Number of protein chains: 2
Amino acid sequence: MDEQIVVDTWQYVLSAHSKAMCALERELGERHGLGASEFEVLDRIVHHDRQLRIQELCDEVHLSQSALSRVVARLEKADLVKRGACEDDRRGVFVCITDAGRARHAEALPTQRAVLCEIFGDAPALTR
Amino acid sequence: MDEQIVVDTWQYVLSAHSKAMCALERELGERHGLGASEFEVLDRIVHHDRQLRIQELCDEVHLSQSALSRVVARLEKADLVKRGACEDDRRGVFVCITDAGRARHAEALPTQRAVLCEIFGDAPALTR
DNA sequence: TTGCATTAGATGAACGTGCATGTATCTTTC
DNA sequence: GAAAGATACATGCACGTTCATCTAATGCAA
């Protein structure tokens, strides 16, 4: 357990996260009116290509349950997703994407990829 | 420029950052009354072992200038650092650590290292 | 010297997040 | 089937961050 490697890894994560997050927030915001978290949620739903429980999203997105609840609320207000009651478990809430949401995601995806490539294109690779 | 690798790297950074940040915030907060940013600033000053300009700190810490200004204000209020006028450039502000600050940092450092080892101990190594 | 652009840092306001908690629903146990 | 506890999601609140702006000091040109 080499402490120096651990600290270096943390420094790298900190720096990469900061750079990428700022760039994403800026580009996605300016060009598509989306925050990074909002895009991430949209992206997860599109990726699964089906309705998802809030809870399922929570496992995949790096947000607290409360933060996720608000992101979904914002997305719903912008008509990019719809919330629906869950038949099986009436405590649950399904989230599904709207046509506008799908379109916005498709439009924003290249921007996100471009930003990530810009930043991680020459990044040190991760070896298992 | 393999897009999949880039996206995977981003996923890893996102996940590692989230886990480590939450853990640091919790542990440093509960055990030493420090936020992650506050520890980071303290750590940078101790590392250089000299007075630093706010501006210099800004280059090393992943915070906006305004956020840094407030962190330093909080640290000063807690008597962990002192702000001082800069002779050469009277717009500038020097920050130096107090004895209490040095002590708090020394006390918190093992906690930080423990958290990082916990999370990055078996992390994929970064290869250049 | 005066005037103007630039830079260092502080601060008000808006916003997003997490924590704690609230409400509703489900599950288990007796 | 009633009571007790767990779970899903929403929400009030405190806090930290960023953005825009402000003040003060500096540098530079005329």
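Criteria and thresholds
Residues numbered from 1 in each chain as written. Chains lettered and ligands numbered in written order. Predicted model: local features only at pLDDT ≥ 70, side-chain atom pairs only at ≥ 80, totals over all residues. Pairing = 2+ DSSP bridges. Helix = DSSP H or I, 4+ residues; strand = E, 2+ residues; numbered from the N terminus. Expected span 1.5 Å × (residues − 1). Buried ≥ 20, exposed ≤ 12 C-beta atoms within 10 Å, placed from the backbone. Arc of directions from axis to C-beta. Near = placed C-beta within 6 Å. Contact = placed C-beta atoms within 7 Å. Axes fitted to C-alpha atoms, helices over the stretch in contact; angles between N-to-C directions.

Novice: I'm lost on the sheet that holds strand 1 (residues 52-53) of chain B in this one. Help?
Specialist: Backbone-to-backbone hydrogen bonds join strands into a sheet, with any given pair of strands oriented parallel or antiparallel. All names here are of chain B. The strand order across the open sheet built from three strands is 1-3-2, with neighbouring strands paired in antiparallel fashion. If you trace the sheet from one side to the other, it starts and ends with strand 1 and strand 2 (81-85), each paired once. Inspection of the sheet shows strand 2 paired to strand 3 (residues 93-97) by five bridges, in the antiparallel sense. Counterpart to R83 in the pairing with strand 3 is V95.

Novice: What should I look at first to understand helix 4 (residues 65-77) of chain A in this one?
Specialist: Side chains three or four residues apart in an α-helix point the same way, a direct result of the helix having 3.6 residues per turn. All names here are of chain A. Taking 1.5 Å of rise per residue, 13 residues should cover 18 Å, and helix 4 covers 18 Å from first to last C-alpha, within 8% of that figure. For helix 4, the full list of buried residues reads L68, V71, V72 and L75. Viewed end-on, helix 4 has its buried residues packed into an arc of 100°, placing them on one side of the element. Exposed side chains of helix 4 directed beyond 90 degrees from the buried face belong to S66, R70, A73 and K77.

Novice: What is the right way to read the protein's contact with DNA strand D from this model?
Specialist: Within the structure, DNA strand D sits among 23 residues, and Q55, S66 and S69 of chain A together with S64 and A67 of chain B are positioned closest to it. When residues of the surface near DNA strand D are traced back to their parent elements, those giving at least two are helix 3 (54-60) and helix 4 of chain A together with helix 4 (65-77) of chain B. At five residues, the largest contribution of residues to the surface near DNA strand D is made by helix 4 of chain A.

Novice: Could you clarify how one ought to interpret the sheet that holds strand 3 (residues 93-97) of chain A in this entry?
Specialist: All names here are of chain A. Ordered in space as 1-3-2, the three strands form an open sheet in which the pairing is antiparallel. Looking along the sheet, the strands with just one partner apiece sit at the ends: strand 1 (52-53) and strand 2 (81-85). Across two bridges, strand 1 lies against strand 3 in antiparallel orientation. Paired with L52 across the two strands is V95, which belongs to strand 3. Those strands touched by helix 2 (residues 36-48) are strand 1, strand 2 and strand 3, and its axis lies near 85° from that of strand 3.

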